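Each chain, written out:
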Amino acid sequence: IMWDAGYRMQVREELGMKREIDEALKRKIDRWIEERGLNEFGDSPDTVYIGGTPLFDERTGQRKDRYEYILERHPELWGL
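Residues numbered from 1 in each chain as written. Predicted model: local features only at pLDDT ≥ 70, side-chain atom pairs only at ≥ 80, totals over all residues. Heavy atoms only, no water.

(A) The arrangement of the overall build of the protein in detail. If you tally the helices and strands in the protein, you get three helices and two strands. What you see in the protein, going N to C, is helices and strands ordered as α-α-β-β-α. Buried residues in the protein amount to 29% of all 80 residues. In the protein, once contacts between residues fewer than 6 apart in sequence are set aside, the share between residues at least 24 apart is 55%. (Helix = DSSP H or I, 4+ residues; strand = E, 2+ residues; numbered from the N terminus. Buried < 20%, exposed > 50% of the residue type's maximum accessible area, 1.4 Å probe, protein only. Contact = heavy atoms within 4.5 Å.)

Below you can see the structure in the form of structure tokens.
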């Protein structure tokens, strides 16, 4: 079985082992986004989102933190 980083992060969260996203990591993520010319969510700059943001799930009514969203899509950034 191949376990990717996103799956490992999901398992950690389900077990209550969620990692903290500190200010230093946030700055590194913001720099990573800027260096690659991505939008504020770490996606291609021409990405269009239903509802205008990927942070709100219209099915559940739940909002997600921007950095949590980015790290779910780019789990390799935990290693910055």
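After presenting the structure, the write-up continues.
(B) Spotlight on the nonpolar core. By size, the foremost hydrophobic cluster in this structure holds 14 residues, and its most contacted members are Ile21, Leu25, Ile29, Tyr69, Ile70, Leu71 and Leu77. In this structure, Leu77 is in contact with Leu25, Ile29, Trp32, Ile70 and Leu71, ignoring residues within four places of it in sequence. (Core = buried A, V, L, I, M, F, W, Y, C linked by side-chain atoms within 4.5 Å.)

(C) Representation of helix α3 (residues 66-73) within the structure. Listed in full, the buried residues belonging to α3 are Arg66, Tyr67, Tyr69, Ile70 and Leu71. Sitting at the head of α3, Asp65 places a side-chain oxygen 2.9 Å from the backbone nitrogen of Tyr67. (Polar contact = N/O pair within 3.5 Å; in protein donor to acceptor, adjacent residues only side chain to side chain.)

(D) Representation of the packing of aromatic side chains within the structure. Counted under the stated rule, the structure contains two aromatic pairs. Ring geometry for Phe41 against Tyr49: centres 5.4 Å apart, planes inclined by 85°, an arrangement best described as edge-to-face. A ring pair is formed by Phe41 and Tyr69, whose centres lie 6.3 Å apart and whose planes are at 90°; its orientation type is edge-to-face. You can see Phe41 sitting in the loop between α2 (23-36) and β1 (56-57) and its partner Tyr69 sitting in helix α3, a full 28 residues away along the chain. Members of the aromatic cluster, joined through ring pairs, are Phe41, Tyr49 and Tyr69. The lysine or arginine in question, Arg66, covers the ring of Tyr67, its NZ or CZ lying 4.4 Å from the ring centre. (Phe/Tyr/Trp six-rings, centres within 6.5 Å; stacked < 30°, edge-to-face > 60°. Lys NZ or Arg CZ within 6 Å of the ring centre and 35° of its normal.)

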